[in-house]
Amino acid sequence: QIPSVIQDSLAQMGAFVGADRVYVFDYNADNKTFSNTHEWFNNGVKPEINNFQNIPLERFLYLYNKLEQNEIISIYNVDKLSNSDGLKQILVTQNIQSIVLIPLFDNNSLFGFVGFDYIKNKHQSSNEEIQLLNILTQQDPWKVAKDFK
């Protein structure tokens, strides 16, 4: 039942902020990998969940370092990112124009993140919108999401 609640929550948050894709990534600290465990996507947007399984930490090192410090990542214009860390290439390949990533913690340990992709248009997230998304993602069922892959 929890996975369907997560899917419904992703769809509701995506609709609320006008995102084209919303997803949950799990961080496996033992294997140092990230995996996309849940995904909702809007009409005309292709799923990416199968392309992001057991991704080595090194590929997401920039993201990991920010998220591990409990930083929310909000990028309005992906095209303006530098190519140095490989993040831009990952996002451009998926036609992502703007993105918001919110870390998920359990007992002060990063266990993943929730992402919001804007593909059809760029999106400037307001401080209020980011604060609301942060509050929503820190509530159940996210804390138990890691148990339902």
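Going by the structure above, here's the rest.
All values derive from a computational prediction rather than experimental measurement.

(A) The sheet that holds strand E4 (residues 73-75), seen in detail. Sheet architecture is open: 6 strands sit in the order E3-E2-E1-E6-E5-E4, paired in antiparallel fashion. Only two strands of the sheet have a single partner each, and these edge strands are strand E3 (55-56) and E4. Pairing of E4 with strand E5 (residues 98-106), which is carried by 3 bridges, proceeds in the antiparallel orientation. Across the sheet, the residue bridging to Ile73 is Leu101, located in E5. Each of strand E1 (21-28), strand E2 (33-41), E4, E5 and strand E6 (109-118) touches helix H2 (residues 61-68); the most contacted strand, E5, lies at about 55 degrees to it. Along the sheet, helix H4 (residues 127-137) contacts E4, E5 and E6; its crossing angle with E5, the most-contacted strand, is approximately 35 degrees.

(B) Expanded view of a nonpolar patch on the surface. Residues Phe16, Leu132 and Leu136 make up a contiguous nonpolar surface patch of about 260 Å² in total accessible area. By the element assignment, Leu136 lies in helix H4.

(C) Molecular detail of the pattern of salt bridges. Evaluated as defined, the whole model comprises 4 salt bridges. Here Glu39 and Arg21 are joined by a salt bridge, their closest N and O atoms 3.7 Å apart. With Glu39 in strand E2 and Arg21 in strand E1, the pair connects residues that are 18 residues apart, well separated along the chain. The same class applies to Glu39 as to Arg21, namely buried. The partner of Lys46 in a salt bridge is Glu48, and the shortest N-O contact between them spans 3.8 Å.

The rules behind these values
Residues numbered from 1 in each chain as written. Predicted model: local features only at pLDDT ≥ 70, side-chain atom pairs only at ≥ 80, totals over all residues. Heavy atoms only, no water. Pairing = 2+ DSSP bridges. Helix = DSSP H or I, 4+ residues; strand = E, 2+ residues; numbered from the N terminus. Contact = heavy atoms within 4.5 Å. Axes fitted to C-alpha atoms, helices over the stretch in contact; angles between N-to-C directions. Patch = residues over 30% accessible without salt bridge, like charges linked within 9 Å, V, L, I, M, F, W, Y side chains within 5 Å. Areas by Shrake-Rupley, 256 points an atom, 1.4 Å probe, with all protein chains shown as cover. Salt bridge = Lys/Arg side-chain N within 4 Å of Asp/Glu carboxyl O. Buried < 20%, exposed > 50% of the residue type's maximum accessible area, 1.4 Å probe, protein only.

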